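Inside the fold
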Amino acid sequence: MERISVKVWTELCKCIGTEQEVFVRRKVIDILTPIISGSTAEGLKQHGSDIDLMYVLNFTFVSDNSNFFNSDIKMDTDNIKPGFVKLVCSDKLKYHEIYTEAMVEKNDSLILSSLLFRDQRVDEMRKSFADTIAHGPCATYVSEWNVETDSVFCFSCKTWPRVATEWIARVRINNWPSPDLISDIVCDGCLFLCYGLLKLYLKYAINSNTEVNDLLCSYFLKPTLFFCIEEENIIWNKENFFGCFWTCIRRLMKWVSDEYCINYFIKENNMFEGRIYGRKSKILLDYLSNLYSEGVDSMRLIPLLSNLRNNSATIPMTIEERECRCDLQLLETSSKLDPQFRWRRRIKLLLNICKEMQQSTNGIMKTTSTFMSYGVVCRTVPFLYFDIHTNSTNKTRYIQIQSLKQFIQQNCMFGDVCTEKLFLATLFYLNGNYKSVVKIVKKVPQALKPYTIYSGINGTNCNRQAYIKEICGKVLTTIKKLKRGILAHPFVCCLPSKFHPQEIEHELVQHSTMGTASIPPVIYCNVLLFLSCHYVACKEEMSNILAEFYIAMEDDRFIFENERPLTKALFNRCLEIWETWYH
């Protein structure tokens, strides 16, 4: 059993991530706004997982006492089911545009309706994501990375709620959480990672039965695990991994039998209420008992562990492979910045945060700041340019364009071989400085390498073997790796901003998702070069660029498969310009 435990642990590390990878993901996520919760915040990386976002409305103060002094909303728990509160609004919120239509009068009090408030937020989100729907307490939409995203809006209470005071003083056999951790949670709140196998077992083993697949959810697994850690006298390590897992399953079966799932913070709150009871409880318990009786063999339902009984030894990752995976996790996680974050409104604040992080002695924080800086600039520059040309007079436009140029240079110089150059080249192109465009863009393709990592709307891609050979195992800091050209973001065209050549507008619209289109850097270089040479009437150079464009278009190293339709459309557009002008 110890051998199998270690084998499962090793396979899970490959699938979900090693302890170091999880640490990196959580450090990055902790910095982003809004708060990312769920398995993403816990550091787990599982295929098909959605993203949970929590928007905290910090401008509204919630109090847990009967006094409205310095508070906007009071939490009323009298005659309310444990785990729930009634939100009583103060008079000063009566005319607040965010809350007015979500208030209802009850017993001479103004109560904030969670249902009405959620529906208001859903309507607001639809302005950015037309397919947004209400899903439980969340506004759910498909993000630009084609990932289902659940957004929930909530308030912050500066004090620990009285209804959960038992959790603070609870007697704990294993001294977990520690008094220091409890103090941190009470003061700040926290997120925990640690139930990867339970989630996989729920998804592939338990939910494979159509009679019970809508009864349990991953949220029930957290208190199961937490209470086991608190109360069970077992050793929590990889050698005893299966023992820990089956302990959690036995507790879950006990709760199903009792039809009572204890909320970890408020024991009086039965999370099974109205969901698992009567006949449903019996069917679920019978099925869980059958899985439990199969023991290790039931793990075969999980694709990752289908060959668990095979005697072949699991091949551990090399140090270089671990380094490669960890780098990819950091780059991918820190580059995924959702457009709903509204960068333009908070650009100064975010750039100040980036600068503070640059002063940190923590290498992860320092590196993450560069990607955040990129994200801020990438989201902001196109709209700043649009504002200049929409709202500025001819007299001030030149000065503002120069300021925008300086802004790009100051905030994109962190090792990305493409971002700064392509942004500057686009700025020059849109202002008719075509010779400067050619001078800048010709330096980009020679910096691209087969092990370059592309991060952006379309995810992350990398020739892992080449990356491991060229980069890993050489004791390079992440900053040094960036300066060796490991990173190249695609050029993201946000169509409303018009920060792109208007000659390719039609192709971008045809291949856009929610108003954005992503062009591989090597392809965008060829487009800018071709169009610039077209305007300076350099026929021979245009012919050479078209030939290089065609070669680049066939190169699998630098183009995602789902980027090929747009790439082909852009090539055809350039070919059309060539044929129209010269024949």
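Cut-offs used in this document
- Residues numbered from 1 in each chain as written.
- Predicted model: local features only at pLDDT ≥ 70, side-chain atom pairs only at ≥ 80, totals over all residues.
- Heavy atoms only, no water.
- Helix = DSSP H or I, 4+ residues; strand = E, 2+ residues; numbered from the N terminus.
- Buried < 20%, exposed > 50% of the residue type's maximum accessible area, 1.4 Å probe, protein only.
- Contact = heavy atoms within 4.5 Å.
- Areas by Shrake-Rupley, 256 points an atom, 1.4 Å probe, with all protein chains shown as cover.
- Core = buried A, V, L, I, M, F, W, Y, C linked by side-chain atoms within 4.5 Å.
- Salt bridge = Lys/Arg side-chain N within 4 Å of Asp/Glu carboxyl O.
- Axes fitted to C-alpha atoms, helices over the stretch in contact; angles between N-to-C directions.
- Parallel < 35°, antiparallel > 145°, perpendicular 65-115°, else oblique.
- Left-handed = near helix turned anticlockwise from the far one by under 90°.
- Nonpolar A, V, L, I, M, F, W, Y, C, P; charged D, E, K, R; others polar.
- Expected span 1.5 Å × (residues − 1).
- pLDDT = per-residue confidence, 0-100.
- Phe/Tyr/Trp six-rings, centres within 6.5 Å; stacked < 30°, edge-to-face > 60°.
- Pairing = 2+ DSSP bridges.
- Polar contact = N/O pair within 3.5 Å; in protein donor to acceptor, adjacent residues only side chain to side chain.

1. Observations regarding the overall build of the chain
Helix and strand counts for the chain come out as 22 helices and 13 strands. Buried residues in the chain amount to 50% of all 583 residues. Pairs at least 24 apart in sequence give 63% of the contacts found in the chain among residues at least 6 apart. Carbon and sulfur atoms make up 52% of the accessible area of the chain, which amounts to about 28900 Å² in all.

2. With respect to the nonpolar core
What tends to happen in soluble globular proteins is that the nonpolar side chains get buried as a cluster. Val381, Leu404, Leu508, Ile519, Ile523, Phe530 and Leu570 are the most contacted members of the largest nonpolar core, which totals 58 residues. When residues in this core are grouped by element, the largest group, 10 residues, is from helix H20 (residues 521-535). Beyond its immediate chain neighbours, meaning those up to four positions away, Val381 contacts Leu404, Phe407, Ile408, Phe423 and Phe499. Grouped together as the second largest cluster of nonpolar side chains are 45 residues, Val212, Leu252, Phe272 and Tyr287 included.

3. Re the pattern of salt bridges
Per the stated rule, a full pass over the model turns up 10 salt bridges. Here Glu505 makes a salt bridge to Lys498, at a shortest N to O gap of 3.2 Å. Within the structure, one salt-bridge network assembled from shared partners comprises Glu231, Glu232 and Arg251.

4. Thoughts on the packing of helix H16 (residues 434-441) against H20
Between H16 and H20, the least distance of the axes is 9 Å, while the angle of their chain directions is 150°. Classified by the angle between their axes, H16 and H20 sit roughly antiparallel to one another. Crossing angle aside, the handedness with which H16 passes H20 is left-handed. Contact residues: Tyr434, Val437, Val438 and Val441 in H16; Cys525, Leu528, Leu529, Ser532, Cys533 and Tyr535 in H20. A class-by-class count of the residues in the contact of H16 with H20 yields 9 nonpolar, 1 polar and no charged.

5. Points about the environment of Ile80
Relative to the helices and strands, Ile80 is located in the loop between strand E3 (73-76) and strand E4 (86-89). Judged by its relative accessible area of 27%, Ile80 is partly exposed.

6. Remarks on helix H9 (residues 241-258)
With 18 residues, H9 should cover 26 Å at 1.5 Å per step; its first-to-last C-alpha distance of 26 Å lies within 8% of that length. Counting buried residues in H9 gives 13 out of 18 residues, a clear majority hidden from the surface. Glu259, located one to two residues past H9, shows a positive phi value of around 60°.

7. Details of the confidence of the model for the chain
In the predicted model, the chain carries a mean pLDDT of 77, and the fraction of residues at 70 or more is 73%. Note that residues 188-192 has pLDDT below 50 and, in this model, 9 contacts with residues that lie over four places away or in other chains. For the stretch residues 337-344, pLDDT sits under 50, and the model shows 38 contacts to residues farther than four places along the chain or on other chains.

8. Digging into the packing of aromatic side chains
A complete count under the given rule lists 21 aromatic pairs for this structure. Taken together, a centroid distance of 5.9 Å and an interplanar angle of 40° make the contact between Phe423 and Phe499 tilted. Here Phe499 lies in the loop between strand E12 (491-494) and helix H19 (505-510) and Phe423 lies in helix H15 (residues 419-430), a separation of 76 residues in the sequence. Take Phe423 and Phe499: they sit in the same class, and that class is buried. For the ring pair Tyr434 and Tyr535, a centre distance of 4.9 Å and an interplane angle of 10° mean the geometry is stacked. Placement of the pair is Tyr434 in helix H16 and Tyr535 in helix H20, with a sequence separation of 101 residues.

9. Quick look at helix H8 (residues 218-231)
Given a rise of 1.5 Å per residue, 14 residues ought to cover 20 Å, and the 21 Å separating the end C-alpha atoms of H8 matches this to within 8%. The element H8 is largely enclosed, with a buried count of 10 among its 14 residues. All of the buried residues along H8 are Phe220, Leu221, Pro223, Thr224, Leu225, Phe226, Phe227, Cys228, Ile229 and Glu230.

10. Focus: unusual backbone geometry
Of note in this structure, Val475 is not a glycine but carries a positive phi near 55°. Mapped onto the elements of the fold, Val475 is located in the loop between helix H17 (464-470) and helix H18 (478-483). The exposure class assigned to Val475 is exposed, which follows from its relative accessible area of 82%. Its identity is not glycine, yet Ala537 carries a phi of approximately 55°, on the positive side. Mapped onto the secondary structure, Ala537 falls in the loop between H20 and helix H21 (539-553).

11. Considering the pairing of strand E13 (residues 516-519)
The two faces of E13 match: Thr516 and Ser518 on one face and Ala517 and Ile519 on the other face are all buried. Pairing geometry for E12 and E13, over 4 bridges, is antiparallel. Pairing of Cys493 across the sheet is with Ala517, part of E13.

12. Some points on the environment of Phe549
Along the chain, the position of Phe549 falls in helix H21. The class of Phe549 is buried, set by a relative accessible area of 0%. C-alpha separation for the pair Phe549 and Val527, spaced 22 residues apart in sequence, amounts to 8.2 Å. Those residues in contact with Phe549 that sit more than four places away from it in its chain are Ile523, Asn526, Val527, Thr567, Leu570, Phe571 and Cys574.

13. Some words on the side chain of Thr426
Mapped onto the secondary structure, Thr426 falls in helix H15. Taking relative accessible area as the criterion, Thr426 reaches 0% and is therefore assigned buried. Side chain to side chain, Thr426 and Tyr524 meet in a polar contact 2.8 Å long. With residues up to four places along the chain from it excluded, the contact list for Thr426 reads Phe491, Phe499, His500, Tyr524 and Leu528.

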